[in-house]
Amino acid sequence: MIVRKIKPQELKRTLELFAIAFEYSNDIDKSAGELFEEISKNPKSREDVFWSERWAAFEDDDQTMMSYFIAQPFPIQFDGNRYQMTGIGGVASLPQYRRRGGIRGCFEAALPSMYRDGIAFSYLYPFSTAYYRKFGYEVGCEKMQYRVQLNSMKHFAVDGSCKLAEPENQMLSEIRQIYCAWQDKYNMMVINEDYEYAWVGQSNPVKNQEFTYVYKSSMGIPMGYMTVKQRKEADGRNLECTRFCFTCAEGLKGLLNILIALGSDHDYAMMEMPADIDMSLIFPEWSGNGAVAKKYYFGMVRVVNVEAVLNGARYIGSGKAYISISDKQIEENNGVFEVVFQDGKAVSVKKADTGTDADVSMGINEFSRLIIGAGDVKSLEFMEHVTVHKNAEVLGQIFYRKPNLILEGF
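Residues numbered from 1 in each chain as written. Predicted model: local features only at pLDDT ≥ 70, side-chain atom pairs only at ≥ 80, totals over all residues. Heavy atoms only, no water.

Enquirer: Whenever I open this one, the nonpolar core confuses me. Can you help?
Expert: Soluble globular proteins: nonpolar side chains tend toward being buried together. Counting 86 residues, the largest nonpolar core has Phe 121, Phe 244, Leu 256, Leu 259, Met 271 and Ile 371 as the members making the most contacts within it. With residues near it in sequence (within four places) discarded, Ile 371 still touches Phe 78, Val 303, Val 309, Leu 310, Ala 313, Ile 398, Phe 399 and Lys 402. Counting residues in hydrophobic clusters, the runner-up holds 21 residues, among them Phe 69, Phe 107, Leu 111 and Met 114. (Core = buried A, V, L, I, M, F, W, Y, C linked by side-chain atoms within 4.5 Å. Buried < 20%, exposed > 50% of the residue type's maximum accessible area, 1.4 Å probe, protein only. Contact = heavy atoms within 4.5 Å.)

This is the structure we're talking about:
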């Protein structure tokens, strides 16, 4: 088996392979050369721009593609710093080549390459958490999913108003401003480029029956946006919010007022929010079917460069710790890291001398989850591959709950 990044003429084959693997129609009527020229000259998405970041496994002839995935880079926010993250997508193997180690080979080649390229994190949405744990990924960002009965809610007293995004007034600048507020608050949020906002330019509620509302205060300050579409279910015509972002409580309440107004025609609304927002007093009725909440992990995270992430992490107060990391794919991450921090920031991060006693030992999986804030020091004793040796109090200054969220799909 040969594993490498694809060549230009192989781009079409990756699209064909994915369509075959997941059994969906993709009628590509262009030659491999024509398709590559079109995408390279007129990219419409991040995936088009970074077409060359596709890793593929081939038979020994170096031509017969067996498996592939794309590892497209995204700039993200982590603890107030900007880092590069690869979003793993399009993971697929042709049925006749499954269980031949193609995807494993791609990860084993791609992860060390990411380290060399200055990537700090990697993220993916798994079909199986157990499978991707083999490559150092661990459950990542948390979300809350709500289902609320609209007639259980009363109108909120806010002075602003909502407007519907339509072709003649798509409100792109307002949407960007609101998104950026979330981008700066939550770890792992993608710092969007223009093509991530392409959906705004497609706003046409009459045609596509997706309705994006933007709430502004009485002073005209954008405070929230959401996209709503109808969802027919067994218990009626309900609403699904596919996007829901707000900068403050007023923005949240202003958006909810639109959903309440739609309650005359719909029974329930479903929305997803960050786990750090408390909706217990916003939704008035939690008994029966008034409101239902579910917390879940949205995707899996992996630290690619431990030293870089420790250098940029936000700490509590001042202290010093020795953290032993085990990483089966990236050799540079193995060893004991000495971390000295003062007033919440790293002063020094370096590999300790061989034989240095660690305060804690853990695998790259557990480290990845803990450092983004999806776990804390209280989780350590329940983690199978974590051993606390000493100085447990200082570990609480490093591993604690932080706001985390990712909205971008790939």
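Enquirer: Looking at this structure, I do not really get the sheet that holds strand β10 (residues 210-216). What am I missing?
Expert: Strand pairing in a sheet takes place through backbone hydrogen bonds and is either antiparallel or parallel in direction. Taken in spatial order, the seven strands of this open sheet run β8-β10-β11-β12-β13-β7-β14, and their pairing is mixed. The two strands at the open ends of the sheet, each matched to only one other strand, are β8 (161-164) and β14 (291-297). Looking at each pair of strands side by side, their axes are set apart by 25° on average, direction ignored. Seen against the sheet, helix α6 (residues 172-185) touches β10, β11 (222-233), β12 (236-246) and β13 (268-274) and runs at an angle of roughly 95° to β11. (Pairing = 2+ DSSP bridges. Helix = DSSP H or I, 4+ residues; strand = E, 2+ residues; numbered from the N terminus. Axes fitted to C-alpha atoms, helices over the stretch in contact; angles between N-to-C directions.)

Enquirer: What's the story with the packing of aromatic side chains in this structure? I'm lost.
Expert: Two measures describe an aromatic ring pair: the distance that separates the ring centres and the angle between the ring planes. In the structure shown here, the tally under the stated rule is 29 aromatic pairs. Plain terms: the ring middles of Trp 182 and Phe 246 are 5.4 Å apart, the flat faces sit at 85° to each other, and that makes the pair edge-to-face. Here Trp 182, found in helix α6, pairs with Phe 246, found in strand β12; they are 64 residues apart in sequence, far enough to count as distant. Both residues of the pair, Trp 182 and Phe 246, belong to the buried class. With a centroid separation of 6.3 Å and an interplanar angle of 90°, the aromatic rings of Tyr 296 and Phe 298 are classed as edge-to-face. Among the aromatic residues, ring-to-ring pairing joins Phe 69, Phe 107, Phe 127, Tyr 131, Tyr 132, Phe 135 and Tyr 137 into one connected group. (Phe/Tyr/Trp six-rings, centres within 6.5 Å; stacked < 30°, edge-to-face > 60°.)

Enquirer: Which parts of the structure should I look at to understand the pattern of salt bridges?
Expert: Where charged atoms of side chains with opposite charge meet at close range, the side chains can pair. Scanning the model with the defined rule gives 28 salt bridges in all. Two residues, Arg 46 and Glu 196, come together in a salt bridge whose shortest N-O distance is 2.8 Å. Placement of Arg 46 in helix α3 (residues 46-49) and of Glu 196 in the loop between β9 (189-190) and α7 (198-201) is noted, with a sequence separation of 150 residues between them. For Arg 46, a relative accessible area of 5% translates into the label buried. For Glu 272, the salt bridge is made with Lys 143, and the minimal N-O distance between the two is 3.3 Å. Residue Glu 272 is found in strand β13, and its partner Lys 143 is found in strand β7 (residues 142-149); the two are separated by 129 residues along the sequence. Its relative accessible area of 7% is what places Lys 143 among the buried residues. (Salt bridge = Lys/Arg side-chain N within 4 Å of Asp/Glu carboxyl O.)

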